[in-house]
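Structural overview for review
Chain residues, written in single-letter form:
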Amino acid sequence: MVRRSRRRKLQKVTGLCRLEEGLRVKRSCPSCGPEPGGEEKKRRGKPTSVQLFPPELVDRIISFLPVRDVVSLGQTCHYLHEVCDSEGVWRRMCHRLSPRLRKQGSGVRPWKRAAILNYTKGLYFQAFGGRRRCLSKTVAPVLAHGYRRFLPTKDHIFILDYTGTLFFLKNALVSSTLGQIQWKRACRYVLLCRGAKDFASDPRGDTVYRKYLYVLATREQPEVVGTTHSQSCDCVEVYLQSNGQRVFKMTFHHSMSFKQIVLVGQETQRALLLLTEEGKIYSLVVNETQLDQPRSYTVQLALRKVSRCLPHLRVACMASNQSSTLYITDQGGVYFEVHTPGVYRDLFGTLQAFDSTDQQMPLALSLPAKVLFCALGYNHLGLVDEFGRIFMQGNNRYGQLGTGDKMDRGEPTQVHYPQRPVALWCGLNHSLVLSQGSDFSKELLGCGCGAGGRLPGWPKGSASFVKLHIKVPLCACSLCSTRECLYVLSSHDIEHHPAYRDLPASRVAGTPEPSLGAGAAQDPGGAVARACEQYLSQIHSCPTLQDRMEKMKEVVGWMPLMAAQKDFFWEALDMLQRAAGGVGQGPPTPDS
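Residues numbered from 1 in each chain as written. Predicted model: local features only at pLDDT ≥ 70, side-chain atom pairs only at ≥ 80, totals over all residues. Heavy atoms only, no water.

Identification of the chain as F-box domain-containing protein from Eschrichtius robustus is taken from an unreviewed UniProt entry.

1. So, the packing of aromatic side chains
One pass over the full model with this rule turns up eight aromatic pairs. Measuring from ring centre to ring centre gives 5.6 Å for F158 and F168, while their planes differ by 40°; the resulting arrangement is tilted. Taken as a pair, F158 in strand β4 (residues 156-160) and F168 in strand β5 (residues 166-170) lie far apart in primary sequence, ten residues in all. With 5.1 Å between their ring centres and 65° between their planes, F252 and F258 make a pair best called edge-to-face. Through successive ring pairs, a cluster of aromatic residues spans F125, F150 and Y487. The positively charged end of R149 is found above the aromatic ring belonging to F199, 4.5 Å away from the centroid. (Phe/Tyr/Trp six-rings, centres within 6.5 Å; stacked < 30°, edge-to-face > 60°. Helix = DSSP H or I, 4+ residues; strand = E, 2+ residues; numbered from the N terminus. Lys NZ or Arg CZ within 6 Å of the ring centre and 35° of its normal.)

2. So, helix α9 (residues 341-348)
It helps to recall that an α-helix has 3.6 residues per turn; residues three or four apart then point in one direction. V343, Y344, L347 and F348 are the residues of α9 that are buried. One face of α9 carries all of its buried residues, which in axial projection span an arc of 110°. Those residues of α9 hidden inside the fold are in contact with β19 (334-338), β20 (363-365), β22 (380-385), β23 (390-394) and β24 (409-415). Residue G349 follows α9 closely and has a positive phi angle near 75°. (Buried < 20%, exposed > 50% of the residue type's maximum accessible area, 1.4 Å probe, protein only. Arc of directions from axis to C-beta. Contact = heavy atoms within 4.5 Å.)

3. Points about the side chain of S481
The topology assignment puts S481 in strand β29 (residues 476-481). For S481, the side chain forms a polar contact with the side chain of H430, separated by 3.5 Å. (Polar contact = N/O pair within 3.5 Å; in protein donor to acceptor, adjacent residues only side chain to side chain.)

4. Let's talk about a nonpolar patch on the surface
On the surface, a nonpolar cluster with roughly 450 Å² of combined accessible area is contributed by V50, L52, F53, L57 and I61. Tracing the backbone through its elements, the reader meets L52 in the loop between α2 (38-44) and α3 (55-62). (Patch = residues over 30% accessible without salt bridge, like charges linked within 9 Å, V, L, I, M, F, W, Y side chains within 5 Å. Areas by Shrake-Rupley, 256 points an atom, 1.4 Å probe, with all protein chains shown as cover. Salt bridge = Lys/Arg side-chain N within 4 Å of Asp/Glu carboxyl O.)

5. Notes on the environment of L428
Its place among the elements puts L428 in the loop between β25 (420-426) and β26 (430-436). Judged by relative accessible area, L428 falls into the exposed class, the value being 55%. Linking L428 and L376, residues 52 residues apart in sequence, is a C-alpha distance of 9.6 Å. Leaving out residues up to four positions away in the same chain, L428 has contacts with Y378, N379 and H380.

6. Quick notes on the nonpolar core
One finds L123, F150, L432, L444 and L479 to be the most contacted residues of the largest nonpolar core, which totals 28 residues. Listing elements by their share of this core, those giving two or more residues are β1 (122-127), β4, β5, β25, β26, β29 and β30 (485-490). By residue number, the principal contributor to this core is β30, which donates five residues. Counting residues in each nonpolar core, the second largest holds 19 residues, with V334, V338, V371 and L376 among its members. (Core = buried A, V, L, I, M, F, W, Y, C linked by side-chain atoms within 4.5 Å.)

7. Describing the pattern of salt bridges
Tallied over the full model, the rule gives 17 salt bridges. With a shortest N-O distance of 2.6 Å, D493 and R113 are connected by a salt bridge. On the criterion of sequence distance, the pair formed by D493 in the loop between β30 and α10 (527-540) and R113 in helix α7 (residues 110-120) is long-range, its members being 380 residues apart. Comparing D493 with R113 shows no difference in burial state: the two are buried. When the shortest N-O distance is used, the salt bridge between R246 and E237 registers 3.4 Å. Judged by its relative accessible area of 45%, R246 falls in the partly exposed class. Taking the relative accessible area as the measure of exposure, E237 reaches 1% and is therefore buried. Each of the salt bridges in this network shares a partner with another, and the network as a whole consists of D202, R204, E267, R270 and E288.

8. Observations concerning the side chain of S283
By the secondary structure assignment, S283 is in strand β15 (residues 281-286). Non-local contacts of S283, meaning those with residues more than four positions away in its chain, are made with L272, L273, Q300, L301, A302 and R304.

The following block contains the structure:
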């Protein structure tokens, strides 16, 4: 009996040891030995690659994801990048997000561009004097194909999308018991017109003066006797901003095509400046006080003096206020018109070159590089060049130039700014800059007068650019400030890439700018000589004559020349390039 009980205990202990050993084998690594039945389980649980699915099924599945997730998924591998970048996926997403959008936009990838435009569109606003740091978002019109431009008026906010449809959002303004204006979310939107190219209103910063809205649009004209098809002509339509009623219309000849409109002057002598596709500027004068009367007008369209006296210039864009106009050419040159002596004195510090009898005479501003965009206030202006540098000029009584002091500047002065700007705004006595960091985060900076809450977080103002206490949307692209509110427009266009360039080694901050008349005594460090040697080596490395001509044009844009001097060199190089291209083709004709 004793032996039998001992044998049973030994068998029980042996069984437990074997069970423990088996558990050790299962917990061990695969190199210690395969588990019985593991191959079958491995074959049964083998994962299936997404590349084995039909492409139509993968496109269908991905099209139900949000836009942000599709963009993130396309960054995981090459296969998913190709799938997520296909137009079929984005077309289904456009139909799902915007069922009324049946027509894609323009560009290389129209459906992807349309989906991202509609996903990132938004208009944010914040009333001055409030405690909120986050911007409030307005309603988004369902028909809007992204947001391209916006303009706030007294009663509405007008928004132009990328397909030429112009909307206006009706604001709900409620007066509180304390007498302050409270801004609520836009209650509804109304479609104003289609086929719009651009629009403008009174250039003053106060929305009370914006009574009329001028819309540059394209309209189909009825068939003329003797022709079999209709013609599309550009026209300017004038609407009342209060109710959207059209009160005036001007139609131009079908051979003239315009792309931008700005306003200058008082109500009784309102000048409309129209920029053509060829870079020429035409102007006409209307009397706003008589627009709402039921009568016919005859206005004369005349070529502006900047295009008449400088016919070789091709203007790319314009900016205006009540008494001045600024032109930026396609080569980055800047020309200025000032119509009143007071504004001229604030901008240039003197009245020496002001001619009261010829107020349309353009003045060239000297800048070291090409200018990409600008902002024009009442008595100061801001310019942004191709390297992302900001130049300010004009009255600096409240520190609105951001130079760190309150001294006026009679010429463009560079403002030390760490980041590259996305948008620039110049108000009555303050300036705002929307910038983007290296991590693609956006922030809003401002300088100048801070009264009335126009610089949130800085009620006493600042003479240099400081970060405002506002949380900016990730896709913010432009901004606007009025007396009551700050607006930020959100939209991302994949066809619009940043145009900023890196500074050459000879023009990095801290290195003295090379000067044309500087000699060896004025340039002890040899910066001018090194820059010229670098330019010559770049030109010498070009294989053909045409490439050398193009490189020489680029070098002229880098050099710190006046705008008129740059235009002269560019025109001369164009002539030489055309002459070199016609060698061996016979004598040149008078047209060439």
